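Single-letter residue listing:
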Amino acid sequence: MALEWKYSSEHMAVADWEELSNLYRIAPLGDKKPADLQVVFSNSMFKCFVYDGGKLVAAGRAVADGRDCSYICDIAVAPERQGSGMGKEMVAALVKLSSGHKKIILYAVAGKEPFYRKLGFRRMLTAMAIFANQEQALQSGLISDN
């Protein structure tokens, strides 16, 4: 069966947001509440969902302003599909949707940087962040005290 790629969240029902929440949990990218996912995906200019036989197997999004900056985030692929090229294809689709922006930024899970480097992304030396839980971000290697 062919994969179905969707670039809108208009088709999403309550059960679909639950399924997306589960995808992030098993990917594993953390515990993301369905209602929160509905808000962040709805507020993202670009989004991508991949279905196989009606089952959600991958998702991602890009928050963009239409000219200056597009920020790709929340790329999740079901564990049984990881390593199949689906994540690479999803990032490529979001990069293509983001074309025309002066910069495309990607937020990666610590340890996944080599994967994104192969796709053309480079480490930013000037990026900084404030996390809701700064201590946890420090412990997990997302930020440093330097």
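The sections below set out a description of the structure shown in this document. (Residues numbered from 1 in each chain as written. Predicted model: local features only at pLDDT ≥ 70, side-chain atom pairs only at ≥ 80, totals over all residues. Heavy atoms only, no water.)

Of all seven residues in strand β2 (residues 46-52), six are buried, a share of seventy percent or more. As paired strands, strand β1 (residues 4-6) and β2 are joined by three bridges and run antiparallel to one another. When the sheet's bridge partners are listed, E4 is paired in β2 with Y51. Taken together, the seven bridges between β2 and strand β3 (residues 55-64) define a ladder with antiparallel strand orientation. In the sheet register, Y51 faces β3, and the bridge partner there is L56. Linking two consecutive strands that pair antiparallel, namely β2 and β3, is a turn of two residues; a positive phi of about 60° is found at G53 within it. (Buried < 20%, exposed > 50% of the residue type's maximum accessible area, 1.4 Å probe, protein only. Helix = DSSP H or I, 4+ residues; strand = E, 2+ residues; numbered from the N terminus. Pairing = 2+ DSSP bridges.)

The subject of this paragraph is the sheet that holds strand β5 (residues 103-106). The strand order β1-β2-β3-β4-β5 describes an open sheet built from five strands, whose pairing is mixed. Lying at the two open borders of the sheet, with one neighbouring strand each, are β1 and β5. Within the sheet, the average angular offset between the axes of one strand and its neighbour, ignoring direction, is 20°. Strand contacts of helix α1 (residues 14-26): β2, β3 and β4 (69-77), with the helix running at about 90° to β3, the strand carrying the most contacts. Here helix α2 (residues 34-42) sits on the sheet and contacts β2 and β3; the angle it forms with β3, its principal contact strand, is near 50°. (Axes fitted to C-alpha atoms, helices over the stretch in contact; angles between N-to-C directions. Contact = heavy atoms within 4.5 Å.)

Here we take up the side chain of K47. As for its placement among the helices and strands, K47 is situated in strand β2. Although K47 lies buried, it forms no salt bridge, and the closest oppositely charged side chain, E10, sits 7.9 Å away as judged by the N-O distance. At 3.1 Å, the side chain of K47 and the backbone oxygen of F41 are in polar contact. For K47, the side chain forms a polar contact with the main-chain oxygen of S44, separated by 2.6 Å. Residues within four places of K47 in sequence aside, it is in contact with K6, Y7, S8, S9, F41, S42, G60, R61 and L94. (Lys, Arg positive; Asp, Glu negative; His and termini not counted. Salt bridge = Lys/Arg side-chain N within 4 Å of Asp/Glu carboxyl O. Polar contact = N/O pair within 3.5 Å; in protein donor to acceptor, adjacent residues only side chain to side chain.)

This part takes up the packing of aromatic side chains. Within the structure shown, the criterion is met by five aromatic pairs. When the ring of Y116 is compared with that of F121, the centres are 6.4 Å apart and the planes differ by 90°; the resulting orientation is edge-to-face. The two residues Y116 and F121 agree in class, both being buried. Residue placement shows K32 over the ring face of Y24; its charged tip is 5.4 Å from the ring centre. (Phe/Tyr/Trp six-rings, centres within 6.5 Å; stacked < 30°, edge-to-face > 60°. Lys NZ or Arg CZ within 6 Å of the ring centre and 35° of its normal.)

We now examine α1. The end-to-end C-alpha separation of α1 is 19 Å, in line with the 18 Å expected for 13 residues at 1.5 Å each. Of all the residues in α1, the buried ones are D16, W17, L20, S21, L23 and Y24. All buried residues of α1 fall inside an arc of 155° around its axis, so they share one side. Facing away from the buried side of α1 by more than 90 degrees, the exposed set consists of V14 and A15. Lining the buried residues of α1 we find α2, β2, β3 and β4. (Expected span 1.5 Å × (residues − 1). Arc of directions from axis to C-beta.)

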